[in-house]
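So the chains spell out like this:
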Amino acid sequence: MRRDPDLPQLWFDPAEMLIGGRWRPASQTLPVEDPSTGFEIGRIARGRAGDIAEAVAAAEAARAGDWGRMTATERGRVLARIGRMVRERAEDLALIETTDVGKPLTQARADAQALARYMEFYAGAADKVMGETIPYLDGYTVYTLREPHGVTGHIVPWNYPMQIVGRSVGAALAMGNACILKPAEEASLTALAFARIACEAGLPAGALNVVTGLGEEAGAALSCHPGVQHLSFTGSVAVGRLIQAAAALNVVPVTLELGGKSPQLVFADADLDAALPFLVNAGIQNAGQTCSAGSRILVERPRYDEVVSRMAERYAKLRVGPARDDLDLGPLISARQREIVEGFLAMAPEGAVSAQGRIVAAAPAGGHYLAPTLLAGPGPDHPLAQDEIFGPVQIVIPFADEGEAVAIANGTGYGLVASIWTESGARQMRLAKRMRAGQVFLNNYGAGGGVELPFGGVGKSGHGREKGFEALYGFSVTKTVAARHG
Ligand code: NAD
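Every chain's residues receive numbers from 1 upward, in the order its sequence appears when written. Whole-chain, interface and lining totals are the exception, using all residues; otherwise, since this is a predicted model, local features are given only for residues with pLDDT of at least 70 and side-chain atom pairs are given and counted only at 80 or more. Side-chain numbers here rest on the full set of heavy atoms in the structure, without hydrogens or water.

A word on the pattern of salt bridges
For step 1, the next point in the chain: Salt-bridge detection follows one rule: a side-chain nitrogen of Lys or Arg within 4 Å of a carboxyl oxygen of Asp or Glu. One pass over the structure, following the stated rule, counts 24 salt bridges.
For step 2, the next point in the chain: Salt-bridge contacts for E120 lead to R87; the nearest nitrogen and oxygen are separated by 2.9 Å. One end of the pair, E120, is in helix 5 (residues 105–125); the other, R87, is in helix 3 (residues 72–88), and 33 residues separate them in sequence.
For step 3, the next point in the chain: Salt-bridge contacts for D111 lead to K103; the nearest nitrogen and oxygen are separated by 2.6 Å. Each of the two residues, D111 as well as K103, counts as buried.
For step 4, the next point in the chain: If you follow the salt bridges from partner to partner, you end up with R87, R117, E120 and E452 in one network. Comment: elements are numbered from the N terminus, with helices defined as DSSP H or I runs of at least four residues and strands as E runs of at least two. Summary of the burial criterion: residues with accessible area below 20% of their type's maximum are buried, those above 50% are exposed, and those between are partly exposed, where the area comes from a 1.4 Å probe applied to protein chains only.

Below, the structure is given as structure tokens:
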């Protein structure tokens, strides 16, 4: 790999990990690639099982020390300071993310704002999680306490590092857990930058530890460590299964945020002018590398041809190029990811490609660019309509009536989100209940990100909820106290 001449100035050494409040290198490092150019932009530490063991010990010490003694209000204040500092450094963070992940600058900027917002939300929520008093037998007083798990492990992917670190670590810290964060080897830089900011903001040593490295080394060690009392994993179904198996051996709870094949249902009465930008954007945002991508467009037959042709018009105008040029799409994260997506496209039957976007001439040859592709024709059971592609590919499928729409929408193993486009309020209410999904959007998609909105899946999309107030319950346990006083 060659070195990237345009690398943004980092104010920290990315080859250092945070363990127990100290920044330290590892004996080996891993290269970090800019997906827009293929150039090396730095190196991160290759943490291993020994580093994870030290991080667990540091987290336990933090729980027994300053961090564990902090009141909920004090924890909230620390998170508020982190949020303020993230907002002050948002442009730096966005530039780093753009280069590391290859996402257009506007999207990276939105992610940095979301990270700040997660800190603000959980700062405000920290001292508002309350127990209950429970009417019980005569002579008893019974109440519940909401307590942290203790040491929590957080394994995150490369597609939205800032957002996923924010939602997972933010909620866990608010409840008083001590966290060990394992970022994805493809994109660890903003997790490291966030941890630097958290230290500067006064987060006590050991409350947040960051161990970078490979999934099968640092990630596996974290998921198997008996000192970790809760695991939060966001990533693929294949690795999610391994995490759940590891959690089963240690008998600890796990939150799995996995993939999706989310449907967007367009009924004949839909306001198509309003829907179209959402229909397309939900599929191409972050070059389709989004767990909640709206990758299947299901259209009631009378408007099927119109939707295909109007989406095709939009696709023909989409431009793909270097992330810092801030076009519609940047590159995919890696050469491997592009190969995976190209493998799916090779399955498309003759004539199924309705439209494609364009890779701009200025796109460097070493970048992992792929033109977004709109497909029409393959039926709902085709692998292109069943499997998560995790690239800029959407498929349009017709349906005859509500019953068939629901059957197709719910007819994959996944269940992350769904959107319903119709002017009928009754149909909105009816179908929202029938969707097999963790979030349903009526006449919109994504609701602007929704830090406040509980998020998670059913089926192969995972279980447990992050984001919103509900995440605080996931990152804590109820203790019931029963006093007999006569
Ligand atoms: P991945 O599962 O390969 O990697 C995710 C994380 O797991 C990385 O940090 C990786 O290092 C780690 N990991 C890999 N092997 C491991 C192992 N054996 N033990 C422990 N940790 C290990 O996924 P990816 O390719 O980085 O991300 C893409 C997938 O993530 C897609 O399926 C996507 O849908 C999903 N995703 C889901 C959400 C959500 O909120 N539901 C959000 C983003 C991404």
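Structural notes on the nonpolar core
For step 1, the next point in the chain: For our purposes a nonpolar core is just a set of buried Ala, Val, Leu, Ile, Met, Phe, Trp, Tyr and Cys residues, chained together by side-chain atoms within 4.5 Å. Membership of the largest hydrophobic core comes to 89 residues, with the highest contact counts inside it found for I82, Y122, I180, F194 and L208.
For step 2, the next point in the chain: Counting residues per element, this core draws most heavily on helix 5, which supplies 10 residues.
For step 3, the next point in the chain: Not counting residues up to four positions away in its chain, the partners in contact with I82 are M119, F194, I197, A198 and A201.
For step 4, the next point in the chain: Grouped together as the second largest cluster of nonpolar side chains are 56 residues, L318, L327, L370 and W421 included. Whether two residues are in contact is decided by their heavy atoms, any of which lying within 4.5 Å being enough.

Quick look at the site of the ligand
For step 1, the next point in the chain: Any residue with a non-hydrogen atom lying within 4 Å of a molecule or strand is treated as near it. For the ligand, the set of nearby residues contains 29 residues, the closest of which are V156, E185, S236, L258 and E388.
For step 2, the next point in the chain: Nitrogen and oxygen atoms within 3.5 Å of one another constitute a polar contact, given that in protein one can donate a hydrogen and the other can accept it, and given that sequence-neighbouring residues count only through two side-chain atoms. Between the ligand and the protein, one listed contact pairs a nitrogen atom with a backbone N or O atom of L258 at 2.5 Å.
For step 3, the next point in the chain: Contact distances for the ligand include 2.6 Å between an oxygen atom and a side-chain N or O atom of E388.
For step 4, the next point in the chain: For the ligand, the protein covers 89% of the area, taking 850 Å² as the surface of the free molecule.
For step 5, the next point in the chain: Structurally, the ligand is housed in the largest pocket.
For step 6, the next point in the chain: Residue assignment for the shell around the ligand shows that the elements contributing at least two residues are helix 6 (161–174), helix 8 (215–224), strand 10 (230–234) and helix 9 (237–250). The Shrake-Rupley method, run with a 1.4 Å probe sphere, supplies the accessible areas, and residue values consider only the shown protein chains as cover. Here a cavity denotes grid points, spaced 1 Å and computed from the protein atoms alone, that fit a 1.4 Å probe unable to get out, and a pocket denotes an open set having protein on both sides within 12 Å along at least 5 of 7 lines; residues with an atom within 4 Å of a point are the lining. Pocket occupancy is defined atom-wise: a molecule lies in a cavity or pocket when more than half of its atoms are within 2 Å of its grid points.

A short note on the sheet that holds strand 15 (residues 353–356)
For step 1, the next point in the chain: We call two strands paired when DSSP finds no fewer than two bridges between them. With mixed pairing, the 7 strands of this open sheet are ordered in space as 15-17-18-13-12-19-20. This sheet does not close on itself; its edge strands, each paired only once, are strand 15 and strand 20 (439–442). Strand-to-strand, the axes of this sheet are offset by a mean angle of 20°, without reference to chain direction.
For step 2, the next point in the chain: Sheet topology places strand 19 (residues 417–421) next to strand 20; 4 bridges connect them, and they run parallel. Considered in strand 20, the bridge of I420 is made with L442.
For step 3, the next point in the chain: Axes here refer to lines fitted to C-alpha atoms; in helices the fit is confined to the stretch in contact. Angles between the N-to-C directions go from 0 to 180 degrees. Running at roughly 165° to strand 20, helix 15 (residues 425–434) makes contact with strand 12 (263–266), strand 19 and strand 20 of the sheet.

Concerning helix 6
For step 1, the next point in the chain: In a regular helix each residue adds 1.5 Å, so 14 residues correspond to 20 Å; helix 6 covers 19 Å between its end C-alpha atoms and thus fits that length.
For step 2, the next point in the chain: Across the 14 residues of helix 6, 14 count as buried, placing the element largely inside the fold.
For step 3, the next point in the chain: A positive backbone phi angle near 95° is found at G176, which sits one or two residues after helix 6. What a helix should span is 1.5 Å times the count of its residues minus one.

Examining the pairing of strand 3 (residues 29–33)
For step 1, the next point in the chain: With burial as the criterion, only one face of strand 3 is covered, namely that bearing L30 and V32; the residues T29, P31 and E33 on the opposite face remain uncovered.
For step 2, the next point in the chain: Between the end of strand 3 and the start of strand 4 (residues 40–45), which pair antiparallel, lie 6 residues, with G38 showing a positive phi angle near 85°.

Here's the deal with the layout of surface pockets
For step 1, the next point in the chain: Grid points are joined across faces, edges and corners, and a volume is the space filled by probe spheres set on the points. By volume, the largest pocket amounts to about 990 Å³.
For step 2, the next point in the chain: Per-element accounting of the lining of the largest pocket gives the leading share, 7 residues, to helix 9.
For step 3, the next point in the chain: Following the grouping adopted for this structure description, the nonpolar residues are Ala, Val, Leu, Ile, Met, Phe, Trp, Tyr, Cys and Pro, the charged ones are Asp, Glu, Lys and Arg, and the polar ones are all others, Gly among them. When grouped by side-chain class, the residues that make up the lining of the largest pocket number 23 nonpolar, 10 polar and 9 charged.
For step 4, the next point in the chain: A domain-level breakdown of the lining of the largest pocket finds at least three residues from each of domain 1 (16–258) and domain 2 (263–450).
For step 5, the next point in the chain: In this structure, the second largest pocket spans a volume of roughly 840 Å³.
For step 6, the next point in the chain: In terms of lining residues, the second largest pocket is bounded by 36 residues, among which Y160, Q163, Q285, G448 and G449 are the most central. Segmentation of the chain into domains, including their bounds, is taken from an automatic or database domain assignment.

A closer look at the environment of R434
For step 1, the next point in the chain: Within the fold, R434 resides in helix 15.
For step 2, the next point in the chain: By relative accessible area, which is 44% here, R434 ends up partly exposed.
For step 3, the next point in the chain: Spatially, the C-alpha atom of R434 lies 8.7 Å from that of N410, the residues being 24 residues apart in sequence.

Regarding empty space enclosed by the protein
For step 1, the next point in the chain: Summed over the entire model, instances satisfying the criterion amount to 3 cavities of 30 Å³ or more.
For step 2, the next point in the chain: When its volume is computed, the largest cavity comes out at roughly 100 Å³.
For step 3, the next point in the chain: Residue composition of the lining of the largest cavity, by class: 5 nonpolar, 7 polar and 2 charged.
For step 4, the next point in the chain: When its volume is computed, the second largest cavity comes out at roughly 70 Å³.
For step 5, the next point in the chain: Considered class by class, the residues forming the lining of the second largest cavity number 8 nonpolar, 4 polar and 3 charged.

Some thoughts on the sheet that holds strand 6 (residues 140–148)
For step 1, the next point in the chain: The strand order across the open sheet formed by 3 strands is 5-6-22, and the pairing between neighbours is antiparallel. With partners counted over all chains shown, the strands left at the sheet margins are strand 5 (133–134) and strand 22 (476–484), one partner each.
For step 2, the next point in the chain: In the sheet, strand 6 pairs with strand 22 via 9 bridges, with the strands oriented antiparallel. Within the sheet, the bridge partner assigned to Y140 lies in strand 22 and is R484.

Nothing here speaks to function; it is geometry throughout.
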